Amino acid sequence: MVHAPTMTPPTRASAPEPVRRPRGRRHRGENLTKLLFVLPAALAMAALFGYPVLKNLVMSLQDYGLRTFFTGQAPWVGLANYSTVVKDQLFSQAMVNTALFTIGSIAFQFGIGLGLALFFRRRFPLSGVLRSLLLLPWLLPLIVSSATWRSILEQDSGILNRSLAALGVINEPVPWLNSPSVALIAVIGVNIWIGIPFNVTLLYSGLAEIPDELYEAGQLDGATGWRGFRYITWPNLRAVASVLLMLGVVYTIKVLDIILGLTGGGPANATQTLATQSYQKSFVDFRFGQGAALSNILIAISFVFAIFYLRGTRRAVDE
């Protein structure tokens with residue numbers, strides 16, 4: 001018996017599988033591409049910010065004076081500059097004035113700015129125009145604002161004293177910029193006026209992000225007025241307020257041009273702060289090493305405050 005040959009179906013040639021690169025190598029390539037995009041910005045940041053900070057730190061450890069520009073020599077003195085500026089009797093007064101100036105400015109800038117932001121959140125005619133005009137103090141150069149306020153606060157011919165005398169509020173002109181007991185208050189007032197628009201702008205943008213549905217639901221639960229602010233507005237505005245307060249402290253603690261334009265640190269060092277003292281050491285006494293030491297102390301204070309404040313706000317948000 002002869003068996004018929006079995007026909008086997010022809011095998012179809014399988015297509016070659018694409019060559020796949022290892023996953024780790026692909027990720028390394030992607031990371032390298034990302035690094036190449038970030039590298040120019042990182043180099044620019046290092047050149048524009050990193051180098052000056054490092055140079056300032058090195059300068060604070062040297063006897064860097066006016067003769068250094070001629071001889072090119074700046075002997076290494078270690079922490080002697082820090083010890084000198086801290087032991088200076090003016091340092092403690094500058095620290096107190098810096099604290100009063102910063103706390104007073106931030107408290108009133110934030111409080112007034114929050115009130116105005118809540119006011120402008122209501123819709124009324126010309127609200128946009130008024131908000132635009134409110135930005136003018138912030139847009140003006142600080143030295144221009146200082147010169148303008150100096151003429152306003154002039155003891156004999158200033159418009160403020162003339163207006164208060166015409167209203168019967170004062171009998172004698174107030175030496176706003178010439179009295180050690182009043183000058184710091186006047187400088188704080190001017191800085192508050194300059195910083196209010198910045199606070200209003202950020203707080204108003206934060207209020208605009210709060211959905212109206214939350215207020216409508218809150219009205220059903222009786223959360224209106226102060227209760228609505230406490231349980232709806234403030235919890236949703238806390239993140240913006242935290243960033244604003246942190247930026248306000250960092251900006252205010254190093255204010256220089258306003259004080260120089262109004263009082264120059266006087267009278268009798270009544271408005272002397274760490275920033276003005278650093279400027280005086282560097283560009284009046286030409287002791288650049290001591291001036292750099294004071295500026296580094298100022299940077300350290302700002303950095304420590306930012307760390308503790310960010311930790312506190314993050315803990316509050318998590319809770």
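Our structure is the block above this text.
Residues numbered from 1 in each chain as written. Predicted model: local features only at pLDDT ≥ 70, side-chain atom pairs only at ≥ 80, totals over all residues. Heavy atoms only, no water.

Novice: Outline the overall build of the chain, supporting the account with residue identities and numerical values.
Specialist: For the chain, the helix and strand inventory stands at 14 helices and 0 strands. When the elements of the chain are put in sequence order from the N terminus, they spell out α-α-α-α-α-α-α-α-α-α-α-α-α-α. Buried residues in the chain amount to 35% of all 319 residues. Long-range pairs, those at least 24 residues apart, make up 67% of the contacts in the chain between residues at least 6 apart in sequence. (Helix = DSSP H or I, 4+ residues; strand = E, 2+ residues; numbered from the N terminus. Buried < 20%, exposed > 50% of the residue type's maximum accessible area, 1.4 Å probe, protein only. Contact = heavy atoms within 4.5 Å.)

Novice: Can you tell me about the packing of helix α10 (residues 212–220) against helix α11 (residues 226–252), naming the residues and giving the values?
Specialist: Interhelical geometry of α10 versus α11 gives an angle of 155° and a closest axis separation of 10 Å. Comparing the axis directions of α10 and α11 gives the class roughly antiparallel. For the pair α10 and α11, the contacting residues are Leu214, Tyr215 and Gly218 in the first and Ile232, Thr233 and Asn236 in the second. Classifying every residue of the contact of α10 with α11 by side-chain character gives 3 nonpolar, 3 polar and no charged. (Axes fitted to C-alpha atoms, helices over the stretch in contact; angles between N-to-C directions. Parallel < 35°, antiparallel > 145°, perpendicular 65-115°, else oblique. Nonpolar A, V, L, I, M, F, W, Y, C, P; charged D, E, K, R; others polar.)

Novice: Break down α11 for me, with residues and values.
Specialist: The terminal C-alpha atoms of α11 lie 30 Å apart, and with 27 residues this falls more than 12% below the ideal 39 Å at 1.5 Å per residue. Helix geometry: α11 is bent most strongly at Arg238, by close to 50°. Burial in α11 covers these residues: Gly228, Phe229, Ile232, Thr233, Leu237, Ala241, Ser242, Leu244, Met246, Gly248, Val249 and Thr252. (Expected span 1.5 Å × (residues − 1). Bend = angle between axes of the 7 residues up to and from the residue.)

Novice: Lay out a nonpolar patch on the surface with the relevant residues and their values.
Specialist: A cluster of nonpolar side chains, contributed by Leu126, Val129, Leu130, Leu133, Leu136, Trp138 and Leu139, occupies part of the molecular surface with about 700 Å² of accessible area. Listing elements by their share of the nonpolar patch, those giving two or more residues are α5 (127–134) and α6 (136–139). Assignment of secondary structure puts Val129 in helix α5. (Patch = residues over 30% accessible without salt bridge, like charges linked within 9 Å, V, L, I, M, F, W, Y side chains within 5 Å. Areas by Shrake-Rupley, 256 points an atom, 1.4 Å probe, with all protein chains shown as cover. Salt bridge = Lys/Arg side-chain N within 4 Å of Asp/Glu carboxyl O.)

Novice: Now, about the packing of aromatic side chains: what can you tell me, with residues and values included?
Specialist: What the rule picks out here adds up to 13 aromatic pairs. Judged by centre distance (5.9 Å) and plane angle (85°), the ring pair of Tyr64 and Phe69 falls under edge-to-face. Take Tyr64: its relative accessible area is 15%, and that puts it in the buried class. Their ring planes at 50° and their centres at 5.4 Å tell us that Trp138 and Phe198 sit as a pair that is tilted. Here Phe198 lies in helix α9 (residues 183–208) and Trp138 lies in helix α6, a separation of 60 residues in the sequence. When its relative accessible area of 40% is taken as the criterion, Trp138 is described as partly exposed. In this structure Phe198 comes out as buried when scored by relative accessible area, which is 18%. Chaining the aromatic ring pairs together yields one cluster made of Tyr64, Phe69, Tyr279, Phe283, Phe286 and Phe288. (Phe/Tyr/Trp six-rings, centres within 6.5 Å; stacked < 30°, edge-to-face > 60°.)

Novice: If you had to explain the pattern of salt bridges to someone new, which residues and values would you point to?
Specialist: Overall, the coordinates contain 3 salt bridges when judged by the stated rule. Residue Asp88 is joined to Lys281 by a salt bridge in which the shortest nitrogen-to-oxygen separation is 3.6 Å. Taken together, the residues Asp88 in the loop between α3 (80–87) and α4 (89–121) and Lys281 in helix α13 (residues 274–283) connect sequence positions 193 residues apart. Here Asp88 falls in the partly exposed class, since its relative accessible area comes to 24%. Overall, Lys281 belongs to the buried group, its relative accessible area being 11%.

Novice: Report on the nonpolar core, specifying residues and quantitative values.
Specialist: The biggest cluster of nonpolar side chains holds 22 residues, and the ones touching the most others in it are Leu153, Trp176, Leu177, Val190, Ile258 and Leu262. When residues of this core are traced back to their parent elements, those giving at least two are α9 and α12 (257–262). Considering each element in turn, this core owes the most residues, 9 residues, to α9. Grouped together as the second largest cluster of nonpolar side chains are 14 residues, Phe198, Ile210, Tyr215 and Leu237 included. (Core = buried A, V, L, I, M, F, W, Y, C linked by side-chain atoms within 4.5 Å.)

Novice: Got a sec to walk through the packing of α4 against α9? Specific residues and values, please.
Specialist: Running from N to C, α4 and α9 point in directions that differ by 40°, and their axes come no closer than 6 Å. Of the possible angle classes, the one that applies to α4 and α9 is oblique. Along this stretch, α4 crosses α9, giving a crossing that reads as right-handed. (Left-handed = near helix turned anticlockwise from the far one by under 90°.)

Novice: Can you break down unusual backbone geometry residue by residue, with the values?
Specialist: Phi is mostly negative for residues that are not glycine, and the peptide bonds are mostly trans. Omega for the peptide link from Gly266 to Pro267 comes to -5°, which places this bond in the cis form. Phi is positive for Ala268, which is not a glycine, with a value near 55°. With respect to the element layout, Ala268 can be found in the loop between α12 and α13. Accessibility expressed as a relative area gives 65% for Ala268, which makes it exposed. Of note, Asn269 is a non-glycine position whose phi angle comes to about 60°, a positive value.

Novice: For the side chain of Ser145, give the residues involved together with the corresponding values.
Specialist: Secondary-structure assignment places Ser145 in helix α7 (residues 142–152). Contact partners of Ser145, with chain neighbours within four places excluded, come to Pro137, Leu140, Trp193 and Ile194.

Nothing here speaks to function; it is all geometry.
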